[in-house]
Amino acid sequence: FVGYGAGSGITTATNSVSIGTDAGAANTTGAYNVSVGSFAGPYEFAYAGSVSNSVSVGYQAGSRMKTDSTAIGYKAGSEAYELGFGNWVKCRLSNW
């Protein structure tokens, strides 16, 4: 874990990498995740808990992700929890 608050909510999660401010902060018990970027990966405690086998790269990418998900790009999947975000890739590129 590298970055202020990265992985800070983890209790029993294993085999995960979080790089960036609060990256993966809300993934308390998941495993085998990679979160790169500020607020990447599950960081919203109201929506996350146990997320496994997931990858998120980019600012707020996958902030509400579920297990077996991939989010690549600025805010990719950040509002997708209600839509059953999982098993698909959504890329959102802005300012490019």
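Rules and cut-offs
Residues numbered from 1 in each chain as written. Predicted model: local features only at pLDDT ≥ 70, side-chain atom pairs only at ≥ 80, totals over all residues. Heavy atoms only, no water. Core = buried A, V, L, I, M, F, W, Y, C linked by side-chain atoms within 4.5 Å. Buried < 20%, exposed > 50% of the residue type's maximum accessible area, 1.4 Å probe, protein only. Contact = heavy atoms within 4.5 Å. Salt bridge = Lys/Arg side-chain N within 4 Å of Asp/Glu carboxyl O. Helix = DSSP H or I, 4+ residues; strand = E, 2+ residues; numbered from the N terminus. Phe/Tyr/Trp six-rings, centres within 6.5 Å; stacked < 30°, edge-to-face > 60°.

(A) Broad picture of the nonpolar core. Residues Val-51, Ala-61, Met-65, Ala-71 and Ala-76 constitute the largest nonpolar core, which totals five residues. The residues touching Val-51, leaving out its near neighbours within four places in the chain, are Asn-27, Gly-30, Ala-31, Asn-33, Pro-42, Met-65, Lys-66 and Thr-67.

(B) Examining the pattern of salt bridges more closely. Enumeration according to the criterion identifies one salt bridge in this entry. Across the salt bridge formed by Arg-64 and Glu-44, the nearest N and O atoms sit 3.3 Å from each other. Here Arg-64, found in the loop between strand 3 (55-57) and strand 4 (70-73), pairs with Glu-44, found in the loop between strand 2 (34-36) and strand 3; they are 20 residues apart in sequence, far enough to count as distant. Residue class for Arg-64 comes out buried when judged on its relative accessible area of 10%. For Glu-44, a relative accessible area of 18% translates into the label buried.

(C) Highlighting the side chain of Ser-35. Residue position: Ser-35 is located in strand 2. Ser-35 has contacts with Val-17, Ser-18, Ile-19, Ala-23, Gly-24, Ala-40, Gly-41, Pro-42 and Ser-56, leaving out every residue within four places of it along the chain.

(D) Broad picture of the packing of aromatic side chains. Under the defined criterion, the tally for this structure stands at three aromatic pairs. Centroid distance Phe-39 to Tyr-59: 5.9 Å. Interplanar angle 90°. Geometry classified as edge-to-face. Of the two residues, Phe-39 sits in the loop between strand 2 and strand 3 while Tyr-59 sits in the loop between strand 3 and strand 4, which places them 20 residues apart along the sequence. A centroid spacing of 5.7 Å and a plane angle of 20° characterise the contact between Tyr-59 and Tyr-74, whose relative ring orientation is stacked. Of this pair, Tyr-59 sits in the loop between strand 3 and strand 4 while Tyr-74 is found in the loop between strand 4 and strand 5 (89-92), placing the two residues 15 residues apart along the sequence. Residue class for Tyr-59 comes out partly exposed when judged on its relative accessible area of 35%. Pairwise contacts between aromatic rings join Phe-39, Tyr-43, Tyr-59 and Tyr-74 into one cluster.

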